[in-house]
Amino acid sequence: MSTASLAKPHQGFDIRKFLANNGALVGLLVLALALFIITPDFLTGSNLLNIGIQVSTVAILAFGMTFVIVAGGIDLSVGSVAALSAMVSGYMFVSSGLPGGLALAAGLLTGLVVGTVNGVASAYGKLPSFIATLAMLSIARGLTLVISDGRPIKTAPEVSFLGGNIGPVPTPIIVLVIAAAIASFILNRTVIGRSMYAVGGNAEAARLSGLPVKQITVTVFALAGLFAALAGLLLAGRLDSAQPQAAAGYELDAIAAVVIGGASLAGGVGRISGTIVGALVLVVIRNGLNLLNVTSFWQQVVIGVVIALAVGIDVLRRKTRSS
């Protein structure tokens, strides 16, 4: 009998496994094809750039959410943290006379500090991350309104630069690529990234194996705050002002993007590449509905259905893995 005949039998293409791992990407391609057929304006260069600009904010916000969800938590405050970070940056530039570069850094630092507070409340205060970040959602939005007195504040030139172009390429798209590379490196190539998977998979087992679970939790939320701040500054740059109600509801988009991209709300599973695909799905749906002149009211209904489907698929994925 030949050696080849003793080899492991060739396994055919498993469509269920393929869809389980790449369902979001397949859905995105089908969605894009459908919109291309329905409306010729979809695959134009200007519209594709518009999609890239829109997805930049959602995806960067979702990168931080990916860390949190992989580690088994949830962060409902990222939209408010984004708005607060941009507002602090604008206030420091306009009212305190801080140089533009330092004002931008102040915005990033704000997100880092607020995220750290979330992490400390969750890890050391024993508050469920849902409750801790729900409280921060209200606190951060309230502080944004207090600082701005409910009015927009002009941003520093360095922040406005983020909303412009570098040559023919919009700056938000360049920032997105850089942020994606950094987030992917953190999650896949660092000790803290691998520890996120361990903590999200089984926090008690991670603790017994010697991992500093509390410190990891704080770091995860701090990173989420930092990426939220970057997303907020990017949005402020596009608007050329810090808006008190900016990024309202974006936390739901961030969660949806992560789950659509294949992460599990139970923790321990998630990829940055999947999050990008998930963010693209949300933005392409909105873009397509705009091209088809669907009202914003119905757009909210459609996005709500998509979020419900994403969570339902996550539940089915977990059942399949456990069976």
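Here's a quick rundown of the structure. (Residues numbered from 1 in each chain as written. Predicted model: local features only at pLDDT ≥ 70, side-chain atom pairs only at ≥ 80, totals over all residues. Heavy atoms only, no water.)

## Side note on the packing of aromatic side chains
Evaluation of the coordinates by the stated rule reveals two aromatic pairs. Geometrically, the ring pair formed by Phe63 and Phe227 is edge-to-face, given 6.3 Å between the ring centres and 85° between the ring planes. Taken together, the positions of Phe63 in helix H3 (residues 45-70) and Phe227 in helix H11 (residues 213-239) put the pair 164 residues apart, joining distant regions of the chain. Ring plane angle 70° and centroid distance 5.7 Å describe the contact between Phe67 and Phe227, whose orientation is recorded as edge-to-face. Pair noted here: Phe67 is in helix H3 and Phe227 is in helix H11, with a separation of 160 residues, a long-range link. Of the two residues, Phe67 and Phe227, both sit in the buried class. (Phe/Tyr/Trp six-rings, centres within 6.5 Å; stacked < 30°, edge-to-face > 60°. Helix = DSSP H or I, 4+ residues; strand = E, 2+ residues; numbered from the N terminus. Buried < 20%, exposed > 50% of the residue type's maximum accessible area, 1.4 Å probe, protein only.)

## Overview of the nonpolar core
Among the nonpolar cores identified, the biggest contains 83 residues, and Ile60, Phe63, Phe67, Met196 and Ile260 are the most heavily contacted of them. Look past the residues within four positions of Ile60 in its chain and what remains in contact with it is Val175, Leu176, Ala179, Phe227, Leu230, Ala231 and Leu234. (Core = buried A, V, L, I, M, F, W, Y, C linked by side-chain atoms within 4.5 Å. Contact = heavy atoms within 4.5 Å.)

## Regarding helix H8 (residues 171-189)
The first and last C-alpha atoms of H8 sit 26 Å apart over 19 residues, in line with the 27 Å expected at 1.5 Å per residue. Three or more residues of H8 are buried, namely Thr171, Pro172, Ile173, Val175, Leu176, Ala179, Ala180, Ala183, Ile186 and Leu187. (Expected span 1.5 Å × (residues − 1).)

## Observations concerning the pattern of salt bridges
Under the defined criterion, the tally for this structure stands at four salt bridges. When the shortest N-O distance is used, the salt bridge between Lys154 and Asp240 registers 3.7 Å. Within this pair, whereas Lys154 is found in strand S1 (residues 153-154), its partner Asp240 is found in the loop between H11 and strand S4 (241-242), the two being separated by 86 residues in sequence. Glu204 is the partner of Arg207 in a salt bridge, and the nearest nitrogen-oxygen pair spans 2.5 Å. Placement of the pair is Arg207 and Glu204 together in helix H10 (residues 203-208), with a separation of three residues, close to one helical turn. (Salt bridge = Lys/Arg side-chain N within 4 Å of Asp/Glu carboxyl O.)

## A look at helix H4 (residues 78-94)
Taking 1.5 Å per residue as the helical rise, H4 with its 17 residues ought to reach 24 Å, and the 24 Å between its terminal C-alpha atoms agrees with that figure. Among the 17 residues of H4, 13 are classified as buried, and the element is accordingly described as predominantly covered.

## Quick notes on the environment of Ala224
With respect to the secondary-structure elements, Ala224 resides in helix H11. Between the C-alpha atom of Ala224 and that of Ile37, which follows or precedes it by 187 residues, the distance is 38 Å. Excluding anything up to four places from it in sequence, Ala224 contacts Gly64, Val68, Asp75 and Val78.

## What about the packing of H3 against helix H13 (residues 272-291)?
The axes of two packed helices give the description: the angle between them and the distance between them. Running from amino to carboxyl end, H3 crosses H13 at an angle of 140°, the nearest separation of the two axes being 8 Å. Overall, the two elements H3 and H13 adopt an arrangement that is oblique. Where H3 crosses over H13, the handedness of that crossing is right-handed. Listed contacts from H13 to Asn47, Asn50, Ile51, Gln54, Val55, Val58, Ala59, Ala62, Phe63 and Thr66 of H3 are Ile272, Thr275, Ile276, Ala279, Leu280, Val283, Val284, Asn287 and Leu291. Tallied by class, residues from the contact of H3 with H13 come to 13 nonpolar, six polar and no charged. (Axes fitted to C-alpha atoms, helices over the stretch in contact; angles between N-to-C directions. Parallel < 35°, antiparallel > 145°, perpendicular 65-115°, else oblique. Left-handed = near helix turned anticlockwise from the far one by under 90°. Nonpolar A, V, L, I, M, F, W, Y, C, P; charged D, E, K, R; others polar.)

## Thoughts on a nonpolar patch on the surface
On the surface, Leu33, Phe36, Ile37, Ile38, Leu43, Leu48 and Leu292 cluster together to form a nonpolar patch covering roughly 680 Å² of accessible area. For the nonpolar patch, the leading source of residues is helix H2 (residues 15-38), giving four residues. With respect to the secondary-structure elements, Leu43 resides in the loop between H2 and H3. (Patch = residues over 30% accessible without salt bridge, like charges linked within 9 Å, V, L, I, M, F, W, Y side chains within 5 Å. Areas by Shrake-Rupley, 256 points an atom, 1.4 Å probe, with all protein chains shown as cover.)

## Focus on the packing of H8 against helix H9 (residues 191-201)
Running from N to C, H8 and H9 cross one another at 65°; their axes reach a closest spacing of 5 Å. Relative to H9, the element H8 lies roughly perpendicular. When H8 is examined against H9, the residues Ile186, Leu187, Asn188 and Arg189 are found in contact with a partner set consisting of Val191, Ile192, Gly193, Arg194, Met196 and Tyr197. Residue classes in the contact of H8 with H9 are distributed as six nonpolar, two polar and two charged.

## Brief notes about unusual backbone geometry
The backbone phi angle of Lys126 is positive, close to 65°, even though this residue is not glycine. Tracing the backbone shows Lys126 in the loop between helix H5 (100-123) and helix H6 (129-148).

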